[in-house]
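# Results of the structural survey
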Amino acid sequence: MHRFVSAAGRAAGRVPASCRGAGEEGLRGAVGRPRRGARLPPEGTARWSSAAKASAVKINEKASREKILTLESMNPQVKAVEYAVRGPIVHKAGEIEKELRKGIKKPFTEVIKANIGDAHAMGQRPITFLRQVVALCTYPNLLDSPSFPEDAKKRARRILQGCGGNSLGAYTASQGINCIREDVASYIEKRDGGVPADPDNIYLTTGASDGITSILKILVSGGGKSRTGVMIPIPQYPLYSALISELDAIQVNYYLDEENCWSLNVNELRRSLNEAKAYCNPKVLCIINPGNPTGQVQSRKCIEDVIHFAWEEKLFLLADEVYQDNVYSEGCQFHSFKKVLYEMGPEYSNNVELASFHSTSKGYMGECGYRGGYMEVLNLHPDIKGQLVKLLSVRLCPPVSGQAAMDIVVNPPVPGEDSYSQFIKEKESVLNNLAKKAKLAEDMFNKVPGVHCNPLQGALYAFPRIFIPSKAIEEAKAHKMAPDMFYCMKLLEETGICVVPGSGFGQREGTHHFRMTILPQIDKLKILLEKMKDFHIKFLEKYA
C-alpha cells in the first residue's frame, strides 16, 4: 500500500488506486473515470476511505521517532549553566507583563525591571556625540549634512577609512579595526598617567563578555585534579559561574568581606587557593572592580596585594573593569590593574599575565545594545597570542557598529572641539545623577528594619542584606526555592518590582540578599524604594 499521497497527486485531487476504498470505486468506473451523475469532492482534496485513513495514521505513528536532542542527550555543561540575571524571576516578570496587557488586574499597573543594568531601557538618554558618530558611520551620506558637527564627521571618516569599502557593513580584522585599537591604546595611556599601551595587545570584542569568554576558553585545560580552577569572588557576576560550567572548569570561590564594605582580603584568597589545590589546578584569578553586584571600589593597596599574590602563586589575572567610570563615594578612586602592575616594577610588569576588560554598556554611556568592548592582554606567550587570534577569527569579527561606539568612548570630544561642551555636560549629568541615586538607595534601605546596605561606592547596583524569618524560610523550602528567591518572587507578585535574589550571585551560607539596579529615573526610584520598604515590613509581619 502507498504510505502517502504524492504532492502532485494531492494537488490534482488524485489518489493511488490501492488507496481507494469502496466509496471511491462507487464514484469511478473501472478505468477510473467518474460515473455519470456522480459527485466528486472538491478539486485539490485527497479522497481517502476510512480504512485507508486509519492505516495512514498507524504508519505515521510508527514513522515518528525519538528526538535526537533531549535533556538527557544534550551537552551536560550547557544544562549546568545558570544565569540569574535573566533567570526564573525574569521569566515570571514577563508572564505578569502579558497578564497586565490582557487586562488582568494586579495590585500594580506595571512591572519595574530593576534586575539588570540596562541604562537606556530605564530612561537614560544616549550621549549625543556617540550617536552622531555612529549615525554618520552607518549612513555616510549624512557627512554632507550641516546638522552634524565637524568633530563628529572627522571621527566618522577615520573609522570608515579603516573599514573595507569604507562601509560599516564590511567584515573587519578579527582583532578589530586598527585605528580604533590605536585609539584604545591612547585612551589607556592617558587614563594610566602615561603607562605605555601597545595596540597589538588590544582586542575589540562583542561587549566585555566576549573577551572574558575567549580568554577563559584558551585557559581551561586538563582533567581530574589537573583540571583548571578559576577563582571568582562571591558574590560574583553570574557570567563567570555560567562560563565555568559551560567550559567544564572548576569554580573556586573566594568570599568578599561584607562586614568591611565587601573588601577583598588576600588571606581569604590564600585560603581558597590552598583548599582548591586538593581537587583542581587553580590558575586563573578573576577580579571585578568596581564590584558587581557589591559596588565596592578597591583601594590601590588592595590591588597591589592581589597582583603580588598572583605573581607569587603564578595565577593568570582577569580584571573586569567595565564600571571604571562609575565611582561615587568620596575618598574612592578607580585604579586600573594595568597601571598598578607597571608601577610595581618590571619584576611584576614583565611577568604577570593580565587581561583587562572594558565595555560600552556601562559607565555614563549605557550603550548595551551595541555590544562594544575591548580587552588588553599583557605578557601573553607569543605562541598563545597566535592561538588567541585564531580563536577570535572563528567568530569573524565583533559587530562593527559596536567597534565604532567603543571608539567614541575612548576618543571623546576634547576641549576646543565643537561638541565638547555638550558632551561633558551630558556625561557629568549622568554620573552625578547616578551618585545621587546610589546614596538615595543606600540611605533608604538602611532605614528599613531587617535590611542592611553597604555604601554603594561604585557600579550600578545595590546589594542589601535582608533578614528572612524562619517561617518564610520553611515556606520557601516547601516551594523548593531558595529563601531569597521566595522573597523576590513575593516582591514581584505583590509590587511588580523585579530584582535578582542573592543566591544567583553567591553568598555566605545563612545570609540573604538581592541585587537591584539604581538606574531607574530618580522619581521612579523613590517610589520603587518606598514600595520595597512597605513590602518588607509586611513580609516580616506576615512571617514573624
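Everything numeric in this text was worked out from a predicted model, so none of it was measured.

This part covers the overall build of the protein. What the protein contains, in helices and strands, is 20 helices and 14 strands. By element, 51% of the accessible surface of the protein is carried by carbon and sulfur atoms, the whole surface being about 25,800 Å².

Counted according to the given criterion, the structure contains four cavities of 30 Å³ or more. In this structure, the largest cavity is lined by F445, V448, V451, Y487, F514, M532, K533 and H536. In terms of residues, the lining of the largest cavity owes the most to one element, helix α20 (residues 522–542), which gives three residues. Looking at the lining of the largest cavity residue by residue, the classes come out as six nonpolar, one polar and one charged.

With that settled, consider the sheet that holds strand β13 (residues 500–501). The strand order across the open sheet formed by three strands is β10-β14-β13, and the pairing between neighbours is antiparallel. Looking at which strands have only one partner, the edges of the open sheet turn out to be β10 (461–462) and β13. Pairing between β10 and strand β14 (residues 514–517): two bridges, direction antiparallel. Looking at the pairing, Y461 lines up with T517 of β14.

Here the focus is the layout of surface pockets. Size it by volume and the largest pocket reaches roughly 720 Å³. Around the largest pocket, the lining comprises 28 residues; the ones closest to its centre are Y187, K190, D325, P412 and K427. Taken together, the elements giving at least two residues each to the lining of the largest pocket come down to α8 (178–191), α16 (400–410) and α17 (420–445). Among the elements that make up the lining of the largest pocket, the one with the highest residue count is α17 (seven residues).

Moving on to the side chain of E376. As for its position among the elements, E376 is in strand β8 (residues 372–378). Here E376 falls in the buried class, since its relative accessible area comes to 2%. A distance of 2.7 Å separates polar atoms of two side chains, one belonging to E376 and the other to K338. In this structure E376 touches I188, A197, N201, I202, K338, L354, A355 and S356, once residues within four positions along its chain are discounted.

With that settled, the discussion passes to the pairing of β14. The alternating pattern of β14 places F514 and M516 and R515 and T517 on opposite faces, both of which are buried. Sheet analysis places β13 next to β14, joined by two bridges and oriented antiparallel. By the bridge assignment, V500 is partnered in β14 with R515.

Of all residues in the protein, 87% attain a pLDDT of 70 or more, and the chain-wide mean is 89. The model gives residues 1–35 a pLDDT under 50, and that stretch makes 48 contacts with residues more than four places away or in other chains.

Turning our eyes to something else, we now look at the packing of aromatic side chains. All chains considered together, the criterion is met by 13 aromatic pairs. Geometrically, the ring pair formed by W311 and Y348 is tilted, given 5.1 Å between the ring centres and 55 degrees between the ring planes. Here Y348 lies in helix α14 (residues 346–349) and W311 lies in helix α12 (residues 300–313), a separation of 37 residues in the sequence. Residue classification places Y348 among the buried positions, given a relative accessible area of 12%. Measuring from ring centre to ring centre gives 4.9 Å for Y487 and F539, while their planes differ by 75 degrees; the resulting arrangement is edge-to-face. Of this pair, Y487 sits in helix α19 (residues 483–495) while F539 is found in helix α20, placing the two residues 52 residues apart along the sequence.

The rules we used
- Residues numbered from 1 in each chain as written.
- Predicted model: local features only at pLDDT ≥ 70, side-chain atom pairs only at ≥ 80, totals over all residues.
- Heavy atoms only, no water.
- Helix = DSSP H or I, 4+ residues; strand = E, 2+ residues; numbered from the N terminus.
- Areas by Shrake-Rupley, 256 points an atom, 1.4 Å probe, with all protein chains shown as cover.
- 1 Å grid on protein atoms, 1.4 Å probe; cavity = no way out; pocket = protein on both sides within 12 Å on 5 of 7 lines; lining within 4 Å.
- Points joined across faces, edges and corners; volume = space filled by probe spheres on them.
- Nonpolar A, V, L, I, M, F, W, Y, C, P; charged D, E, K, R; others polar.
- Pairing = 2+ DSSP bridges.
- Buried < 20%, exposed > 50% of the residue type's maximum accessible area, 1.4 Å probe, protein only.
- Polar contact = N/O pair within 3.5 Å; in protein donor to acceptor, adjacent residues only side chain to side chain.
- Contact = heavy atoms within 4.5 Å.
- pLDDT = per-residue confidence, 0-100.
- Phe/Tyr/Trp six-rings, centres within 6.5 Å; stacked < 30°, edge-to-face > 60°.

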